[in-house]
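# A look at the structure
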Protein chains: 2
Amino acid sequence: MNQENNLPIGLFDSGVGGLTVLSAMMRRMPNEQYVFLGDTARLPYGSKSSKTIVRYAVQAADLLLSQQIKMLVIACNTATAAALPVLQKNCPHIPVIGVIRPGARAACSASQNGRIGVIATASTIASGAYREAILELRPEAEVIGIPCPLFVPLAEEGWLDGPIAEAVAARYLEPLKSLHPDTLLLGCTHYPLLIRAIRTAVAPEMHIVDSAATTAEAAYARLEASSLLRNTAGRGHVRYFTTDDPAQFIRTGNLFLGTSIRKEDVSHVDL
Amino acid sequence: MNQENNLPIGLFDSGVGGLTVLSAMMRRMPNEQYVFLGDTARLPYGSKSSKTIVRYAVQAADLLLSQQIKMLVIACNTATAAALPVLQKNCPHIPVIGVIRPGARAACSASQNGRIGVIATASTIASGAYREAILELRPEAEVIGIPCPLFVPLAEEGWLDGPIAEAVAARYLEPLKSLHPDTLLLGCTHYPLLIRAIRTAVAPEMHIVDSAATTAEAAYARLEASSLLRNTAGRGHVRYFTTDDPAQFIRTGNLFLGTSIRKEDVSHVDL
């Protein structure tokens, strides 16, 4: 038995949004071990410069590497867009995957007319990373990127639906009306929480996709190809690190993970 | 001539909101020198734990102290609420003032019926610092504190008025309807930008006050009492530090300062 197979998979996000990715991975690979870092003391990343985001991502990855992980998953669209190549270069000995390529794949599979809307943070849209990843898979595609800076604070405030969430969604998604995409990609791990409000602002037949499930699938395929899947039976376990208050992390985190985070599994860390 | 008088006044904020305080100080003391630090790489502070806010505030103050300042102004409600006593203890050799006591004074002067609404970040409201400062000045006052987490991102998105800003204000300020305060204190340096939307959500005769002007007055009084006012004629100058991208700082900063920040006056710094 290879010892390496039993090492945990490391994931990080600027906050708790990436727990939607962790959740999908736990469903796909329930017997793996995980270490999740939420950099809640410095969130959000999405409004900051790419230089700052790269610096934060490198520090987050270093913390996870110190935990002896067998794979690194950047469970944050903003950090993937800004820092994936840097982290791949910094961690040559393990697979490093982000959420953008899997998200692009999900969108390209769902779209029939090749017109794809992408909504994300200002930084992710400005990076052009989704456009690039989509055009690599479907060079004829038309990509409409829209930054939606208020979606993250709306989701964190818990105003997930109702008139205000719908009005914000309508205002951001207005440009889609004339461009007729048939697929909308939620390019931020917070956005799936706002799905009902987003749904009211787009054509009823719109395919709405996100990257959580396809990232879990990509991680599985990558581990399988490298013979790195865990070969011990039984349920896996998750350890959590947060850069701000653990109690606050658990409160918001439960909403995104969909199950309860146990207090004894969460440690505070300064980056 | 005392050399100390010519040292700059240091101010810091989590971002650019504190520039409203700097602006008021420059109007009140146009020939002083200033150093302003905006910790934009880690903003916002208002949703974070007080432990994290104290850590950030101490680092910000240390940077300003290294610039040889004669007074420290915490131009941020959240940081004042969490860290004023710590920073006063850390900087015993210079006056350290925050925006909460001056804001409380403004509200107590404006109110006739003694019922005062305070709107601020979640962290500022949770600290109880405004309640305490108001009750010290007017022990019979009734203080209604309401956290408004979406106001900062709304102001930063530039959605300062119109139906969405008004709907958000109406939802947050709904509890004021039954409590009939005659004064509303804007307990966050971002909120004055939303004044038009806030105005639509409260009784027309409501006094709306903020702490910028009274903080400038308090700083002036404190410098005068210590014979520390600058005794050189001519206009003062401001140097800026930001922890994220200087260009971004200038773009949003101009909105809050009301005048143009020159590129050559802004330096990047890591904290």
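What you see is a predicted model, and the numbers here were worked out from it, not measured in a lab. (Residues numbered from 1 in each chain as written. Chains lettered and ligands numbered in written order. Predicted model: local features only at pLDDT ≥ 70, side-chain atom pairs only at ≥ 80, totals over all residues. Heavy atoms only, no water.)

A separate point is unusual backbone geometry. Of all residues except glycine, most have a negative phi; of all peptide bonds, most are trans. In the segment running from A:Leu43 into A:Pro44, the intervening peptide bond is cis, with an omega of -10 degrees. Relative to the helices and strands, A:Pro44 resides in the loop between β2 (34–38) and α2 (50–65). With phi around 60 degrees, A:Gln68 is a residue other than glycine that occupies positive phi space. The phi angle at B:Ser227 is positive, at roughly 50 degrees, despite the residue not being glycine. Within the secondary structure, B:Ser227 is located in the loop between α11 (212–225) and β9 (238–242). (Helix = DSSP H or I, 4+ residues; strand = E, 2+ residues; numbered from the N terminus.)

The next point concerns the packing of aromatic side chains. According to the stated counting rule, one finds 14 aromatic pairs over all chains in the structure shown. Ring centres 5.4 Å apart and planes at 85 degrees place the aromatic pair A:Phe151 and A:Tyr172 in the edge-to-face group. Pair noted here: A:Phe151 is in helix α7 (residues 151–157) and A:Tyr172 is in helix α8 (residues 163–173), with a separation of 21 residues, a long-range link. Both residues of the pair, A:Phe151 and A:Tyr172, count as buried. Ring geometry for B:Tyr240 against B:Phe249: centres 5.8 Å apart, planes inclined by 55 degrees, an arrangement best described as tilted. When its relative accessible area of 1% is taken as the criterion, B:Phe249 is described as buried. What links up through ring pairs into an aromatic cluster is the set A:Phe151, A:Tyr172, A:Tyr191 and B:Trp159. Lying over the aromatic face of B:Trp159, A:Arg171 brings its terminal NZ or CZ to 4.0 Å of the ring centre. (Phe/Tyr/Trp six-rings, centres within 6.5 Å; stacked < 30°, edge-to-face > 60°. Buried < 20%, exposed > 50% of the residue type's maximum accessible area, 1.4 Å probe, protein only. Lys NZ or Arg CZ within 6 Å of the ring centre and 35° of its normal.)

This part is about the sheet that holds strand β6 (residues 142–147) of chain B. Strand pairs in the sheet, formed through backbone hydrogen bonds, run parallel or antiparallel to each other. Residue and element names in this part refer to chain B. The strand order across the open sheet built from 4 strands is β6-β5-β7-β8, with neighbouring strands paired in parallel fashion. With partners counted over all chains shown, the strands left at the sheet margins are β6 and β8 (207–210), one partner each. Across the sheet, the axes of successive neighbouring strands diverge by a mean angle of 25 degrees, strand direction being ignored. As paired strands, strand β7 (residues 183–186) and β8 are joined by 4 bridges and run parallel to one another. Bridging across to β8, Leu185 finds its partner in Val209. On the sheet, helix α6 (residues 129–137) packs against β5 (115–120), β6 and β7 and is oriented at approximately 160 degrees with respect to β6. (Pairing = 2+ DSSP bridges. Axes fitted to C-alpha atoms, helices over the stretch in contact; angles between N-to-C directions. Contact = heavy atoms within 4.5 Å.)

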